[in-house]
Amino acid sequence: MANKKIALASVLAFEKKLVPSDGFLYGTSWEKRQTEEEPIALIEKSVRGTISNRLKAAVKNDPMKLNAEVEKANLQTVDSASLKLDQDTLKLRFTLKVLSGVQHPSVCNEEEHGRGISKMVEDYIEESGFSELAHRYATNIASGRFFWRNRVGAEKVEVIVRVKPSGETMAFDGYDYSLKNFDKHSPDLDQLSARIADALCGRISYLLLEIEACVLMGHGQEVYPSEELILDKGNGKKSKVLYQVNGMVAMHSQKIGNALRTIDTWYPEYGVSGLGPIAAEPYGAVTTLGKAFRSPKEKVDFYTLFDNWSTGTAPENETDKDYVMAVLVRGGVFGASGKE
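Right, let's walk through the structure included here.

Each value, and the rule that gives it
- Residues numbered from 1 in each chain as written.
- Predicted model: local features only at pLDDT ≥ 70, side-chain atom pairs only at ≥ 80, totals over all residues.
- Heavy atoms only, no water.
- Helix = DSSP H or I, 4+ residues; strand = E, 2+ residues; numbered from the N terminus.
- Buried < 20%, exposed > 50% of the residue type's maximum accessible area, 1.4 Å probe, protein only.
- Contact = heavy atoms within 4.5 Å.
- Areas by Shrake-Rupley, 256 points an atom, 1.4 Å probe, with all protein chains shown as cover.
- Lys, Arg positive; Asp, Glu negative; His and termini not counted.
- Charge placed at Lys NZ, Arg CZ, Asp CG, Glu CD.
- Expected span 1.5 Å × (residues − 1).
- Phe/Tyr/Trp six-rings, centres within 6.5 Å; stacked < 30°, edge-to-face > 60°.
- Lys NZ or Arg CZ within 6 Å of the ring centre and 35° of its normal.
- Axes fitted to C-alpha atoms, helices over the stretch in contact; angles between N-to-C directions.
- Parallel < 35°, antiparallel > 145°, perpendicular 65-115°, else oblique.
- Left-handed = near helix turned anticlockwise from the far one by under 90°.
- Nonpolar A, V, L, I, M, F, W, Y, C, P; charged D, E, K, R; others polar.
- Salt bridge = Lys/Arg side-chain N within 4 Å of Asp/Glu carboxyl O.

**What about the overall build of the protein chain?**
Inference 1: Across its full length, the protein chain holds 8 helices and 18 strands.
Inference 2: With respect to the three principal axes, the spread of C-alpha positions in the protein chain is 80 × 55 × 35 Å.
Inference 3: Per-residue burial for the protein chain yields a buried fraction of 44% across its 340 residues.
Inference 4: Of the contacts formed within the protein chain by residues at least 6 apart in sequence, a portion of 73% connects residues at least 24 apart.
Inference 5: For the protein chain, the accessible surface area stands at approximately 18100 Å², while carbon and sulfur atoms represent 50% of it.
Inference 6: In the protein chain, the 43 positive side-chain charges and the 47 negative ones have mean positions that sit 5 Å from each other.

Here it is, written out as structure tokens:
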């Protein structure tokens with residue numbers, strides 16, 4: 001007798017299990033980074049830029065029209081943030097909560113499918129204990145990947161992690177850990193990985209990390225907090241708005257979270273494209289490149305792997321299991337779309 005086909009949940013959601021706070025930015029000097037710091041203030045600038053967009057053929061092929069176009073002032077009001085001239089170091093401080101309960105969807109409208117999901121995650125915990133994912137999350141913390149553009153060209157990168165409430169402290173030199181792979185191990189990194197794995201597996205109900213990181217950038221250098229999305233770009237509006245909390249520049253929790261889950265080296269083009277790890281996403285989307293690296297046509301997207309595994313057909317490749325679990329840790333709504 002043929003096995004009964006399990007109906008997939010059309011309403012399905014998972015709460016995220018890596019929950020970062022916003023990151024707050026401070027200026028200091030490398031020698032006094034542990035004792036002195038000052039919130040970085042937001043500065044508004046009005047600048048006169050030049051036309052740099054691609055021009056129509058009728059304009060660029062006519063010298064007089066071209067001269068008339070480039071003479072137009074490109075007036076802009078923008079937000080900016082920088083270290084002071086007596087400061088050479090940027091400090092970023094945030095907290096990260098790691099939660100258990102990956103096997104329990106927050107919403108699932110098919111009971112049998114929900115049981116299949118729970119069994120899938122419980123089997124994974126028994127087989128691997130989230131060890132690979134925890135190692136990769138820990139590596140992204142240790143490397144300071146969450147600094148994003150602020151890390152580029154930095155002379156030194158230091159990351160201090162404090163575990164609450166135990167008080168354990170781990171220190172990392174960010175340049176000891178590659179942004180391209182997750183091959184490196186160290187005693188402190190393995191200790192941090194073990195704590196994260198304990199929380200994801202449910203051996204402890206949650207883990208709270210306090211993270212304080214510094215990059216040596218140079219005196220007076222510009223720093224790069226999160227930039228707000230401007231939906232209405234009408235006349236007189238600022239063309240660049242930086243994220244701030246009570247006048248203090250900061251980094252969105254979403255941007256920090258994206259850095260922490262940039263662990264997917266299992267997509268087909270890894271090592272060929274030269275891109276390195278990408279964030280764990282259902283279709284491997286990288287919006288800055290306008291490309292999805294996990295195509296349903298190639299059956300390497302989250303939904304193909306998840307649907308098969310949660311209904312009884314586990315992936316043959318262990319890395320596909322790691323990828324599916326990374327998307328569940330990410331959380332989100334995974335039901336059927338109401339749009340055609």
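The discussion continues.
**What to know about helix α8 (residues 318-330)**
Inference 1: Between its first and last C-alpha atoms α8 spans 19 Å; for 13 residues at 1.5 Å apiece the expected length is 18 Å, and the two agree.
Inference 2: The element α8 is extensively covered by neighbouring structure, given that 10 of its 13 residues are classed as buried.
Inference 3: Along α8, the residues classified as buried are D320, K321, D322, Y323, V324, M325, A326, V327, L328 and V329.
Inference 4: Downstream of α8 by one or two residues, G331 has phi in the positive range, about 80°.

**Here's the deal with the packing of aromatic side chains**
Inference 1: Scanning all chains against the criterion turns up 13 aromatic pairs.
Inference 2: Ring centres of F302 and F334 lie 4.9 Å apart, and the angle between their planes is 45°; on these two criteria the pair is classed as tilted. Of the two residues, F302 is situated in helix α7 (residues 302-310) and F334 in the segment after β18 (332-333); the sequence distance between them amounts to 32 residues.
Inference 3: In textbook terms, an aromatic cluster arises when at least three aromatic residues are bridged by ring pairs, as seen for F14, Y283, F302, Y303, F306 and F334.
Inference 4: Positioned over the ring face of Y206 is K97, at 5.6 Å from the centre of the ring.
Inference 5: Stacked on the ring of Y224, the Lys or Arg R149 has its end atom at 3.9 Å from the ring centre.

**With respect to the environment of K299**
Inference 1: Turning to its location among the elements, K299 is positioned in the loop between β17 (291-292) and α7.
Inference 2: With 79 residues separating them in the primary sequence, K299 and G220 have C-alpha atoms 49 Å apart.
Inference 3: Not counting residues up to four positions away in its chain, the partners in contact with K299 are T304 and L305.

**Examining the packing of helix α3 (residues 111-128) against α8**
Inference 1: In contact at an axis separation of 11 Å, α3 and α8 are set at 120° when each is read in the N-to-C sense. As the angle between them shows, α3 and α8 are arranged oblique. Handedness of the α3/α8 crossing: left-handed. Where α3 approaches α8, its residues M120, V121, Y124 and E127 are matched on the opposing element by E318, K321, D322, M325 and L328.
Inference 2: Its residues placed into classes, the contact of α3 with α8 shows 5 nonpolar, no polar and 4 charged.

**Quick word on the pattern of salt bridges**
Inference 1: For the structure shown, the criterion picks out 19 salt bridges.
Inference 2: The closest approach of N and O atoms between E38 and K84, which form a salt bridge, is 2.7 Å. Of the two residues, E38 sits in strand β4 (residues 38-39) while K84 sits in the loop between β6 (74-80) and β7 (89-99), which places them 46 residues apart along the sequence.
Inference 3: Residue classification places E38 among the partly exposed residues on the basis of a relative accessible area of 33%.
Inference 4: On the basis of relative accessibility, which here comes to 44%, the residue K84 falls in the partly exposed class.
Inference 5: Among the ionic pairs, R203 bridges to D198, the shortest N-O distance being 2.8 Å.
Inference 6: A residue is classified by how much of its surface remains accessible, and R203, at 53% relative accessible area, is exposed.
Inference 7: Three or more residues joined by partner-sharing salt bridges are found here, namely E37, K91, R93 and E212.

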